[in-house]
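Below, each chain spelled out in residue letters.
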Amino acid sequence: MINLDDPQVYKQYDPEGMLIHINEMPQLCQQAWQMAMKFDLPQDYSRVNKVVILGMGGSAIGGDLAGSLAISEAKLPILIHRDYNLPAFTDAKTLVIASSYSGMTEETLSSFEQALETEAKKLVITIGGKLETMAEQRSIPAFSFGYKSQPRAALPFSFLPIICFLQKLGFLGDKSADVTETVQVLQELSQKIKEDMALSRNPAKQLANRLYGHLPVVYGGGIVSEAAHRWKTQFNENSKAWAFYEVFPELNHNAVVGYQFPPELASKIVVILLRSAYLPKRIQLRYQVTCQLLEQAKVGYQIVDGDGTSELSQIMSLVLFGDYTSYYLAMLYKIDPTPVKAIDFLKEQIAKG
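Residues numbered from 1 in each chain as written. Predicted model: local features only at pLDDT ≥ 70, side-chain atom pairs only at ≥ 80, totals over all residues. Heavy atoms only, no water.

Caption draft 1: Here's a closer look at the environment of Leu189. Within the element layout of this structure, Leu189 appears in helix α8 (residues 176-193). Exposure remark for Leu189: the relative accessible area of 5% places this residue in the buried category. Put simply, Leu189 and Ser317 are 128 residues apart on the chain and 7.2 Å apart in space, counted from C-alpha to C-alpha. (Helix = DSSP H or I, 4+ residues; strand = E, 2+ residues; numbered from the N terminus. Buried < 20%, exposed > 50% of the residue type's maximum accessible area, 1.4 Å probe, protein only.)

And the structure:
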């Protein structure tokens, strides 16, 4: 098996530098927050009663994370919409946020074009492309951040600005102290799991080794449900591997019954349970009982806990841990984590159609 402590491994299998982006996560969070704090929003944007976030893939996951963080505090619904068509309920009391890293995502462009025909308040998050042009032509606020990477590596810019904007509009309390703590937590965590920390003391490398040749299934509940979603997509895109995710408590009403067949799969699956100190006691109990069921089914599992004292730091520390783990798994599979050739092929074929 590949030696994850060998620096040459990263030079050989990561020629485009995905590791650089993962290592930059703490400072990107700080940068994204500072940029968003300086960004002005129209005063009437606070006079809405729902938020619809348009996006796909690596651009939409920021909305997912924002929604999971805000659900216990925000007094209005936040919907993450992945489709070509705008929800029919979009009206003058709706804030539509179109998030597309490239500004060229066809589903997002389609639904945003429909939003232009409504009286909804509108906001764009992008680095450019057609989406930014559409916003400029109609004097729509556009948060353009200009960070060059794969969309999934620019997560701080699709996540923290949304939190900041919800704060500015009065839908969330001040998260500045949480962001400061989160940056510190991520810096400390990175030192523990980055590439120059030996396998013997590096839990992310150890987990990647355990996942090699296995199917990862990621469980999460409450505020870390969408962190589990992020882990799943990072295994797909970075590791080029099959992966799935499930959410508590729903998975206890169906998924746990499916551990039995086919029996030969049990030894090839590893369940990763993402856990947070902020989970309600009943959900924490469900984690415990679910682990008992996994043991009975002879399915391997591992619990990964969030770090820090704030909900934000708990979420982002789990995200960072997952990013490193998926990256190390890519190295074990001897695959460049950056390209997404299957998605590129799909886009080419769709464009021909």
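Caption draft 2: How the structure looks around the nonpolar core. Ranked by internal contacts, the top residues of the largest apolar core, which has 103 residues, are Phe159, Tyr219, Trp231, Ile272, Leu274 and Met316. Non-local contacts of Phe159, meaning those with residues more than four positions away in its chain, are made with Gly62, Leu65, Ala66, Leu69, Leu312 and Met316. Membership of the second largest hydrophobic core comes to 15 residues, among which are Leu54, Val96, Ala115 and Ile140. (Core = buried A, V, L, I, M, F, W, Y, C linked by side-chain atoms within 4.5 Å. Contact = heavy atoms within 4.5 Å.)

Caption draft 3: Layout of the side chain of Thr338. Looking at the element boundaries, Thr338 is found in the loop between α12 (311-332) and α13 (341-352). When sequence neighbours within four positions are dropped, the list of residues in contact with Thr338 reads Asp14, Glu16, Met18, Gln150, Arg152 and Lys240.

Caption draft 4: Inspection of the pattern of salt bridges at higher detail. Under the criterion given, the structure shown has 8 salt bridges. A salt bridge links Arg82 to Asp64; its shortest N-O distance comes to 2.3 Å. Placement of Arg82 in the loop between β2 (78-81) and β3 (94-99) and of Asp64 in helix α4 (residues 57-70) is noted, with a sequence separation of 18 residues between them. Residue classification places Asp64 among the buried positions, given a relative accessible area of 7%. (Salt bridge = Lys/Arg side-chain N within 4 Å of Asp/Glu carboxyl O.)

Caption draft 5: Here's a closer look at a nonpolar patch on the surface. A grouping of Met1, Tyr212, Tyr333 and Ile335 is seen on the molecular surface, where their side chains present a nonpolar patch of about 370 Å² in accessible area. For Tyr212, the position within the fold is in the loop between α9 (203-211) and β6 (215-221). Exposure remark for Tyr212: the relative accessible area of 33% places this residue in the partly exposed category. (Patch = residues over 30% accessible without salt bridge, like charges linked within 9 Å, V, L, I, M, F, W, Y side chains within 5 Å. Areas by Shrake-Rupley, 256 points an atom, 1.4 Å probe, with all protein chains shown as cover.)

Caption draft 6: Examining the state of the cysteines more closely. Enumeration over the complete set of coordinates arrives at 0 disulfides. Not engaged in a disulfide, the cysteine Cys164 finds its nearest cysteine sulfur in Cys29; these two sulfurs lie 13 Å apart. (Disulfide = S-S within 2.5 Å.)

Caption draft 7: The arrangement of the sheet that holds β2 in detail. Taken in spatial order, the 5 strands make up an open sheet running β2-β1-β3-β4-β5, and their pairing is parallel. Two strands lie at the open edges of the sheet, namely β2 and β5 (142-144), each paired on one side alone. Strand-to-strand twist of the sheet, defined as the mean angle between neighbouring strand axes without regard to direction, takes the value 15°. Against the sheet, helix α5 (residues 106-115) touches β1 (50-54), β3 and β4 (121-126), its axis set at about 150° to β3. Running over the sheet, helix α7 (residues 155-168) touches β1, β2, β3, β4 and β5 and is turned about 150° from β4. (Pairing = 2+ DSSP bridges. Axes fitted to C-alpha atoms, helices over the stretch in contact; angles between N-to-C directions.)

Caption draft 8: Geometry of the side chain of Ser99. When you line up the elements, Ser99 lands in strand β3. Residue classification places Ser99 among the buried positions, given a relative accessible area of 3%. Polar contacts involving the side chain of Ser99 include one to the main-chain carbonyl oxygen of Ser59, which spans 3.3 Å. Every residue in contact with Ser99, bar those within four places of it in the chain, is listed here: Leu54, Gly55, Ser59, Thr108, Ile125 and Ser158. (Polar contact = N/O pair within 3.5 Å; in protein donor to acceptor, adjacent residues only side chain to side chain.)

Caption draft 9: Summary view of the environment of Trp33. Note that Trp33 resides in helix α3 (residues 25-37). For Trp33, a relative accessible area of 7% translates into the label buried. Considered as a pair, Trp33 and Phe159 are 126 residues apart in the sequence and their alpha carbons are 9.4 Å apart. When sequence neighbours within four positions are dropped, the list of residues in contact with Trp33 reads Leu160, Ile163, Cys164, Gln167, Lys175, Ser176 and Val179.

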